[in-house]
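Summary of structural features
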Amino acid sequence: MKTGFTRALSGVAALGIALSGLALGVNGAYAADADAVSASIAKNATGTITISGGIVAHSFNGYRLGYLDSITYAADATDTLTGYTLKTDAKYTTVIENALSGITDNDTDLKTSFQNDPAYCGNDCAAGVTGTGEANPLGWFFEKYGSNAETTAPWGGGNGSSDSVLRQFATKVSAAVKADSTLAADATTLTSGDTPNSVPQGYYLLRDTTDLADPAAGETDGNKETQSAPILVSTTYTASDKTFTKDSRGKALGTIDLKNSTPKIAKQVVKSDGTTSQDQPDYAIGDTVTYELTSTVPYFTGYDIDNTYGTQNDAAAAKARAYNIIDTASKGLTIDTTKDSAGKTPAVASVKITLGSKSVTLTEGKDYDVTSSTVDYNGKNVGDEGYSADATRTVIDLGKYVNMVAGSTSAEKTDGKVNGVLEGGTVTVVFKATLNKDALVSDPGNLQKNPNKVELEYSNKPEDMSSKHKTPGDEVNVYTYRFQLKKTDKGGKALPGAKFTVKVVKGVTDADTDNEHAGQYLAVKDQDGKDQDGKWTYTNDKNEAFQFTSDKNGIVSGLTGLDSGTYEVTETKAPSGYTQAFLPTFQFTITPAAQSNGKNAFEQTGLYTISAVSFTDKDSLSGTGAAYVTAAGRADGGIYQYTVYNAKNLTELPKTGGAGLIMFAVVAVLLLAAAGVFTIRSRRDAAQA
């Protein structure tokens, strides 16, 4: 039986990548250098494994598949090995041989190749092959394939060249030791962190046993990372009063770097550009609300992959990687998921992934699919008491991209190389909704939210691809407001039949350019102030502006579902029996109280206010001043309201105000003077007659 290799050691453990991959073993042998120093090493001498990186603590079971019984190092070396002999721990001989079965290289089964190699097959050789001593399948495997370090993503199963022999070996051995209750782990207390884990020296398979909490099931929401793929790693070694921490290439022994794989999902309301945070998250009914959803592509290294994802619904789908962004919109938000002629979903404006200088724009149908369903916003099931299917759930399924389905961006080639999955990249989704007639409307004393929430579902256990973890993201709200008028006579009697137009002047501030309707009149189609779909329409022509009419109680109640900003109200017709002279034009401003919620998004933090009434033209005959409009007040029910009165005759007109009334007084004096002159002349003419 061969126990040593003839090539110089290139590394016992080249790299440890949990969560994003697996630690890769590399072949080794006795060094042939004349100045090399040989040393024996005790089978159970203490070595260390340090598992660094990651965000939350991870736990591992360690299985010592093999050990070193002698090493070589340079005479002047202090911490670097140059060669070794690797033996299989008899406890795992059968497991390793069985793992080799079914893995092929050039159409040859690896177990068959091992059993036909007399230098390693020992007492487990094929018929007609004579070996000596105990079988050493681990030594054989790492001489042949230990240097097959994978250097590019995705290291996934079922994907041709990316499904390396080394990864298959680690996965099969891991599954075997998990399934065999008689194979107790050799180390059960390995944890991630900066402190080295002391274990008997050797070559280990590590299985991630971290308890991943499920917040949806009421568990602690602390651990959201994915479990790592099976890890192959060598310990450090101590012999001849020296501790060896590096291989012949200077790579660290006994060290694993856990890649951060804590996929999270964030959401914010943004302006129409799709990126700028919206600091006034309020809208008119009928307006488009734009959201930005951001997440991170998990490190799927070591996870199975299904190239047929999305094209079949059989057992193969259970091996597919899952990565779903799930948006749930409340009743007041309409999500347009009806496919257009190109098969695109209007609600999903764009999906992009960026990683460093790389950026890709994904295509629906090619990289992801969109589906929708009607659900209860609070997650109740059909048949539950209080169930109300009043929300829209939209699933953006990136399975085709992360499974590298043929035709997907990840499966395509650039400069002759497969693009692969941008693991760790930032996913940005621009998502659209429309505020509809079912939106909850706020009054100054009663703030009403129209919520929208997001969650992320992804594969989190490489040994159980059916396991899907959901992590909740942000819930954000949008708002809309109402305002009303009351028409009375001077004594407070309600007057029906008065007509008004309303014009959008500007946003909350002069710098607010996000109000696309500034300068336009409300041009609606029914007496409720909105068209048949419940949305506002607009016009630049005042002759096409909607005429809001006071009802029998004097109330103009159609001003519901307004955006924040300044509005101009003009009375265009007085009630029957009242003077048409000096009808008022005035403005009011709806100002919300909003601030950042700490998640790069803004929420209402207080009740909105409506400014004291102001006048656009109070010193002219067309704008008669504040005496026509009382201070703002609330009607029954808490609705914010201005009361506007009409005069029956000139004696009821305001006694104070602008130049318009002064002009009227001057005209009246002149008329009286003219009447006096006319009377004098008439009497003089009569006397002369």
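Because the structure is predicted, anything quoted here is derived from the model rather than measured. (Residues numbered from 1 in each chain as written. Predicted model: local features only at pLDDT ≥ 70, side-chain atom pairs only at ≥ 80, totals over all residues. Heavy atoms only, no water.)

Details of the overall build of the chain
Helices and strands together make up the secondary structure of the chain, namely six helices and 45 strands. Across the 689 residues that make up the chain, the buried fraction comes to 50%. Sequence separation of 24 or more characterises 70% of the internal contacts of the chain that already satisfy a separation of 6 or more. Of the roughly 29,600 Å² of accessible surface on the chain, 48% is carried by carbon and sulfur atoms. (Helix = DSSP H or I, 4+ residues; strand = E, 2+ residues; numbered from the N terminus. Buried < 20%, exposed > 50% of the residue type's maximum accessible area, 1.4 Å probe, protein only. Contact = heavy atoms within 4.5 Å. Areas by Shrake-Rupley, 256 points an atom, 1.4 Å probe, with all protein chains shown as cover.)

Remarks on helix 4 (residues 165-179)
An α-helical turn contains 3.6 residues, so any two residues separated by three or four positions project in the same direction. Spanning 15 residues, helix 4 covers 21 Å between terminal C-alpha atoms, matching the ideal 21 Å at 1.5 Å per step. Within helix 4 the residues assigned to the buried category are Val165, Leu166, Arg167, Phe169, Ala170, Val173, Ser174 and Val177. (Expected span 1.5 Å × (residues − 1).)

Re the state of the cysteines
Under the definition given, this model contains one disulfide. The partner cysteine of Cys121 in its disulfide is Cys125, sulfur to sulfur 1.7 Å. Taking the torsion about the S-S bond as the criterion, the Cys121 to Cys125 disulfide, at about 85°, is right-handed. Residue classification places Cys121 among the buried residues on the basis of a relative accessible area of 0%. (Disulfide = S-S within 2.5 Å.)

Digging into the environment of Lys87
On the secondary structure map, Lys87 appears in strand 7 (residues 81-88). With a relative accessible area of 24%, Lys87 lands in the partly exposed category. Each C-alpha atom of the pair Lys87 and Asp69 lies 7.4 Å from the other, and the pair is 18 residues apart in sequence. There is a polar contact of 2.9 Å between the side chain of Lys87 and the side chain of Asp69. (Polar contact = N/O pair within 3.5 Å; in protein donor to acceptor, adjacent residues only side chain to side chain.)

Let's talk about the sheet that holds strand 28 (residues 450-459)
The sheet built from five strands is open, its strands ordered 23-24-19-28-29 with antiparallel pairing. Either end of the sheet is taken by a strand with one partner, and the two such strands are strand 23 (369-375) and strand 29 (468-478). Neighbour-to-neighbour, the strand axes of the sheet open up by a mean angle of 20°, direction not taken into account. Taken together, the seven bridges between strand 23 and strand 24 (residues 391-397) define a ladder with antiparallel strand orientation. Paired with Ser372 across the two strands is Thr394, which belongs to strand 24. (Pairing = 2+ DSSP bridges. Axes fitted to C-alpha atoms, helices over the stretch in contact; angles between N-to-C directions.)

Topic: the pattern of salt bridges
Side-chain pairs of opposite charge can arise where the charged atoms are in close proximity. Under the definition given, this model contains seven salt bridges. Between Asp327 and Lys267 there is a salt bridge; the shortest N-O distance is 2.3 Å. Of the two residues, Asp327 is situated in strand 19 (residues 323-329) and Lys267 in strand 17 (residues 265-270); the sequence distance between them amounts to 60 residues. Assigned by exposure class, Asp327 and Lys267 land together as buried. When the shortest N-O distance is used, the salt bridge between Asp369 and Lys400 registers 3.4 Å. Here Lys400 lies in helix 5 (residues 399-402) and Asp369 lies in strand 23, a separation of 31 residues in the sequence. Residue Lys400 is classed as buried on the basis of its relative accessible area, which comes to 12%. (Salt bridge = Lys/Arg side-chain N within 4 Å of Asp/Glu carboxyl O.)

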